[in-house]
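# Topology and contacts: notes
Here is how the chains run, residue by residue.
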Amino acid sequence: MADGKHNSALGAAYAAQRPEEVAAIYDGWADTYDTDMSAAGYRHPTICLALLARHLPRGAEPLLDAGAGTGLIGEWLAITGYPRVEALDISQGMLDKAGAKGVYTALHRLAMGDTLPFADGAYAGIISAGVFTSGHVGIEGLDELIRICRSGGVIVLTVKNTLWHAGFAERIAELEKQGTLARVEETSPYASMPGETHTVPSRGLVLRVS
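Residues numbered from 1 in each chain as written. Predicted model: local features only at pLDDT ≥ 70, side-chain atom pairs only at ≥ 80, totals over all residues. Heavy atoms only, no water.

## Topic: the overall build of the chain
Quick note on the threshold: Secondary structure elements are taken from DSSP: a helix is a run of H or I of four residues or more, a strand is a run of E of two residues or more, and numbering for both begins at the N terminus. Contacts are residue-level and defined by heavy atoms, with any inter-residue pair within 4.5 Å sufficient.
Scanning the chain from terminus to terminus reveals eight helices and seven strands. Long-range contacts, defined here as pairs at least 24 residues apart, represent 68% of the contacts in the chain between residues at least 6 apart.

Right under this line is the structure:
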């Protein structure tokens, strides 16, 4: 891994102010993303896969990988028994890499945070790893995921502590109180990339939609 390139790309992504900036950064990073993140010990995909498998029956379909990137999770979902998974990402470069792996039934180039062009309750489960973080998607992206997840389905996501303490925790509690969803599991905070210094911890969440 070229440490300088990796650190520069990740830092730029965290500092991005507009969706088109994020897309451009990931477009330029797509060719080396998998090897770079592997070298950094990237944990989000593995943790999200474990959480999904614990709370969504094998064979449930369709699923949405929201913020799929190069398709790291999609490969594993196929192996572990989820037969129909769609990918959503803001970066065409990343989606091209994901599509080349042959594990997704559809690819959607879309930005989270706006209205998504999917029907209410379209998905049995949604997984979103490393998306709710600095410079990417904030709490504004959650309601649409809830809308497009069917009743009884699960949403598995990671949330960086900076977002968690800046309104995300309160929003989850509010939605629980309203009966919109139930928080069925929450991990302890962990470093998403142990190979990086000064990493802000994140947590994994499993939300069951009512």
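After that view, the rundown keeps rolling.
## Thoughts on the packing of helix α4 (residues 44-55) against helix α5 (residues 72-80)
We apply this condition: For helices, the fitted line uses only the C-alpha atoms of the stretch in contact; every axis is such a line through C-alpha atoms, and the angle between N-to-C directions lies from 0 to 180 degrees. Whether a crossing is left-handed or right-handed is set by the direction in which the near helix is turned from the far one by less than a right angle, anticlockwise for left-handed and clockwise for right-handed. Here the term charged refers only to Asp, Glu, Lys and Arg, the term nonpolar to Ala, Val, Leu, Ile, Met, Phe, Trp, Tyr, Cys and Pro, and the term polar to all other amino acids, Gly among them.
Running from N to C, α4 and α5 cross one another at 35 degrees; their axes reach a closest spacing of 10 Å. The two elements α4 and α5 cross, and the hand of that crossing is right-handed. Where α4 abuts α5, its residues P45, T46, C48, L49 and L52 lie against L72, I73, W76, L77 and T80. In terms of residue class, the contact of α4 with α5 is made up of eight nonpolar, two polar and no charged.

## Re the pattern of salt bridges
Quick reminder of the rule: By definition here, a salt bridge exists when the distance from a side-chain nitrogen of Lys or Arg to a carboxyl oxygen of Asp or Glu is within 4 Å. Classification of residues uses two cut-offs on accessible area relative to the type maximum, computed with a 1.4 Å probe and protein chains only: under 20% is buried, over 50% is exposed, and between them is partly exposed.
The final tally for this structure, using the stated rule, is eleven salt bridges. Close ionic contact of E144 with R147 constitutes a salt bridge, the shortest N to O distance being 2.8 Å. On the criterion of helical spacing, the pair formed by E144 and R147 is a turn pair, its members being three residues apart in helix α7 (residues 142-148). The buried category is assigned to E144, whose relative accessible area is 14%. Notably, a salt bridge pairs E174 with R171, separated by 3.2 Å at the nearest N-O pair. With E174 and R171 both in helix α8 (residues 161-178), this residue pair falls three residues apart, about one helical turn. With a relative accessible area of 38%, E174 lands in the partly exposed category.

## Here's the deal with α8
What counts is decided by this rule: Any helix carries an expected span of 1.5 Å times its number of residues minus one. To obtain the bend at a residue, axes are fitted to the seven residues ending there and to the seven starting there, and the angle between these axes is taken.
When the terminal C-alpha atoms of α8 are compared, their 24 Å separation across 18 residues agrees well with the 26 Å that a helix rising 1.5 Å per residue should span. At G167, α8 shows its largest kink, close to 60 degrees. Along α8, the residues classified as buried are N161, L163, W164, F168, A169, R171, I172 and L175. Residues of α8 that are buried make contact with β4 (123-132), α7, β5 (149-160), β6 (181-186) and β7 (202-209). Looking at the residues trailing α8, positive phi occurs at G179, about 80 degrees.

## So, the sheet that holds strand β3 (residues 106-109)
Each strand in a sheet pairs with another by means of backbone hydrogen bonds, the pair being arranged parallel or else antiparallel. How we decide: When DSSP locates at least two bridges between a pair of strands, those strands are taken to pair.
Spatially, seven strands are ordered β3-β2-β1-β4-β5-β7-β6 in an open sheet, and the strand pairing comes out mixed. A single partner strand is all that each edge strand has here, and the edge strands are β3 and β6. Taking the axes of each pair of neighbouring strands and ignoring which way they run, one obtains an average angle of 20 degrees across the sheet. When β6 meets β7, the two strands line up antiparallel, connected through five bridges. By the bridge assignment for β7, R183 is matched with L207.

## Quick look at the packing of aromatic side chains
Under the convention used in this document: The rule is short: rings of Phe, Tyr and Trp, with Trp giving its six-membered ring, pair when the centres are within 6.5 Å, and they are stacked under 30 degrees, edge-to-face over 60, tilted in between.
Taken as a whole and assessed by the stated rule, the structure comprises three aromatic pairs. When the centroid spacing of 5.5 Å and the interplanar angle of 85 degrees are considered together, the rings of F118 and Y123 count as edge-to-face. In terms of burial, F118 and Y123 fall into one category: buried. Ring geometry for F132 and F168: centres 5.4 Å apart, planes at 75 degrees, overall edge-to-face. Of this pair, F132 sits in strand β4 while F168 is found in helix α8, placing the two residues 36 residues apart along the sequence. For the pair F132 and F168, a shared accessibility class is recorded, and that class is buried. In textbook terms, an aromatic cluster arises when at least three aromatic residues are bridged by ring pairs, as seen for F132, W164 and F168.

## Brief notes about the nonpolar core
What counts, and what does not: We define the nonpolar core as a collection of buried residues of types Ala, Val, Leu, Ile, Met, Phe, Trp, Tyr and Cys that are connected through side-chain atoms lying within 4.5 Å of one another.
If you look at the biggest cluster of nonpolar residues, it comprises 29 residues, and the most contacted ones within it are I126, F132, L145, I155, L157 and F168. Secondary-structure elements contributing two or more residues to this core are β1 (63-66), β4, α7, β5, α8 and β7. Tallying contributions element by element places α8 first for this core, with six residues. In this structure, I126 is in contact with L64, A66, L145, I148, C149, V154, I155 and V156, ignoring residues within four places of it in sequence. Listed in part, the 22 residues of the second largest apolar core include L49, A68, A87 and A129.

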